[in-house]
Amino acid sequence: MDWSDVKIFLAVARAGSLGGAARLTGQSQPTMGRRLRVLEREVGQALFQRGKDGFVLTDEGASVLAHSERMEEEALAFERRLAGQAQQLEGLLRVSSSDWFGVHILTPVFAEFVQQHPLVNIELITDARLFSLARREADLVFRIQPFDEADVVQRKAVHVAYRVYRAKGTAHPVRSDGQGVPLITLDSAYQDFPDAAWLRKKLPKARVAFGSNSREAQARMCAAGVGLAVLPAPLGDACAALEVVDLGGLPPGRDVWVGFHRDLRRLGRLRALVDATVERLSAS
């Protein structure tokens, strides 16, 4: 069986639709559909049940899913091992981070790096979901939680302070319990994050006016005068329309960790980028 056919099968199984699988693989939806039909014809089995809710694995498809994932694991390990032998500072590096961290923290560092190493091509992917290092969805990942995967080499990149902000010219809350104060915070899926919990504890009677998992969106709403927001200091301080509010103490900051798969530890361009980024962030 052609390995590319297995990748098509896995993409459809994970995405649950041809459109989602096309986005995962970078191919067009018609191409995905055509190749899936060819695969099913070759194996003589229907691997998916098509319905209004998308593509669901048939019993036959479910029975070979684990085998396909093991094939993928071995193929990706092969790719990583070969990539890890490369020492020259040239080639592609895919980096994943949150939106605000990528724009305000990483982009200035990467600008210096690619000027010094013009043969290195950096792709920065800002997305809320966690990209898989084992599947080479990203070569380097920055996130606010330590990695628990055994195959990941990680280190703390930087500690980020958080502060409370408001739009310049708006009123400071009069009541210490926050009665009537509109808040801009994380959406309900992230309400247990330390800064969101701290803000609710500081202003227990305040109301949530806007919630989002995007810090950039929170900052824009805060600058528009919608309410108070706890933001990463590098993001809030960079916005001229915002000013710091003292609620008595600072919100808890967060450590940002950087990780990559151990098979890439000998990849020269990756090591150089990690070292340059951590050195720059530790000096700021």
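Residues numbered from 1 in each chain as written. Predicted model: local features only at pLDDT ≥ 70, side-chain atom pairs only at ≥ 80, totals over all residues. Heavy atoms only, no water.

Draft legend 1. Region of the structure containing the overall build of the protein. The helix and strand tally for the protein stands at nine helices and twelve strands. In terms of overall dimensions, the protein has C-alpha extents of about 70 × 50 × 30 Å along its principal axes. Sorting the 284 residues of the protein into buried and exposed places 41% on the buried side. If you take every contact in the protein between residues at least 6 apart in sequence, the share linking residues at least 24 apart comes to 75%. Summed over its atoms, the accessible surface of the protein is roughly 14,900 Å², and 51% of this surface lies on carbon and sulfur atoms. (Helix = DSSP H or I, 4+ residues; strand = E, 2+ residues; numbered from the N terminus. Buried < 20%, exposed > 50% of the residue type's maximum accessible area, 1.4 Å probe, protein only. Contact = heavy atoms within 4.5 Å. Areas by Shrake-Rupley, 256 points an atom, 1.4 Å probe, with all protein chains shown as cover.)

Draft legend 2. Local environment of the layout of surface pockets. There is about 680 Å³ of room inside the largest pocket. Within the residue set of the lining of the largest pocket, elements represented by two or more residues are helix H1 (3-15), helix H2 (18-25) and helix H4 (59-84). Per-element tally for the lining of the largest pocket: the top contributor is H1, with seven residues. Counted by class, the lining of the largest pocket contains seven nonpolar, three polar and eleven charged residues. (1 Å grid on protein atoms, 1.4 Å probe; cavity = no way out; pocket = protein on both sides within 12 Å on 5 of 7 lines; lining within 4 Å. Points joined across faces, edges and corners; volume = space filled by probe spheres on them. Nonpolar A, V, L, I, M, F, W, Y, C, P; charged D, E, K, R; others polar.)

Draft legend 3. Up close: the side chain of Ser-214. Tracing the chain through its elements places Ser-214 in the loop between strand E9 (207-211) and helix H7 (215-223). A polar contact of 3.4 Å, which involves the side chain of Ser-214, links it to the backbone nitrogen of Glu-216. (Polar contact = N/O pair within 3.5 Å; in protein donor to acceptor, adjacent residues only side chain to side chain.)

Draft legend 4. Spotlight on the packing of helix H5 (residues 99-116) against helix H9 (residues 268-283). Close contact between H5 and H9 brings their axes to 10 Å; oriented N to C, the two are set at 120°. Taken together, H5 and H9 sit at an angle that is classed as oblique. Crossing of H5 over H9 shows right-handed handedness. Counting all contacts with H5, which are made through Phe-101, Ile-105, Leu-106, Pro-108, Val-109, Phe-110, Glu-112 and Phe-113, the residues of H9 involved are Arg-269, Ala-272, Leu-273, Ala-276, Thr-277, Arg-280 and Leu-281. Among the residues making up the contact of H5 with H9, the classes are represented as eleven nonpolar, one polar and three charged. (Axes fitted to C-alpha atoms, helices over the stretch in contact; angles between N-to-C directions. Parallel < 35°, antiparallel > 145°, perpendicular 65-115°, else oblique. Left-handed = near helix turned anticlockwise from the far one by under 90°.)

Draft legend 5. Just the packing of H2 against helix H3 (residues 29-43), in detail. Here H2 crosses H3 at 105°, and the two axes come no closer than 8 Å. Considering the angle they form, H2 stands roughly perpendicular to H3. Residues Leu-18, Gly-19, Ala-21, Ala-22 and Thr-25 of H2 form the contact with H3, whose own contacting residues are Gln-29, Met-32, Gly-33 and Leu-36.

Draft legend 6. Summary view of the sheet that holds strand E4 (residues 120-126). Ordered by their spatial adjacency, five strands build an open sheet running E4-E3-E5-E12-E6, and the pairing between neighbours is mixed. The outermost strands of the open sheet, each flanked by one partner alone, are E4 and strand E6 (152-160). Geometrically, the sheet is characterised by an average inter-axis angle of 20° between neighbouring strands, direction not taken into account. Pairing analysis gives eight bridges linking E6 to strand E12 (residues 254-261), with the strands arranged antiparallel. Residue pairing for E12: Val-152 is matched across the bridge by His-261. (Pairing = 2+ DSSP bridges.)

Draft legend 7. Focus on the sheet that holds E9. Taken together, five strands build an open sheet; the order of strands is E9-E8-E10-E7-E11 and the sheet is mixed. A single partner strand is all that each edge strand has here, and the edge strands are E9 and strand E11 (242-245). Averaged over all neighbouring strand pairs, the angle between strand axes comes to 40°, with direction disregarded. Bridging between strand E7 (residues 162-167) and E11 involves four bridges; their strand directions are antiparallel. Looking at E11, one finds that Arg-166 is bridged to Glu-243.

Draft legend 8. Inspection of the packing of aromatic side chains at higher detail. For the coordinates displayed, the defined rule picks out five aromatic pairs. For the pair Phe-9 and Phe-48, a centre-to-centre distance of 5.5 Å together with 50° between the ring planes defines the contact as tilted. Placement of Phe-9 in helix H1 and of Phe-48 in strand E1 (residues 48-51) is noted, with a sequence separation of 39 residues between them. Of the two residues, Phe-9 and Phe-48, neither departs from the other in class, the shared state being buried. Centroid distance Phe-48 to Phe-55: 6.1 Å. Interplanar angle 65°. Geometry classified as edge-to-face. What makes Phe-55 buried here is its relative accessible area of 17%. An aromatic cluster of three or more residues is present, and its members are Phe-9, Phe-48 and Phe-55. If you follow Arg-143 out to its NZ or CZ, it ends over the ring of Phe-147, 4.1 Å from the centre. (Phe/Tyr/Trp six-rings, centres within 6.5 Å; stacked < 30°, edge-to-face > 60°. Lys NZ or Arg CZ within 6 Å of the ring centre and 35° of its normal.)

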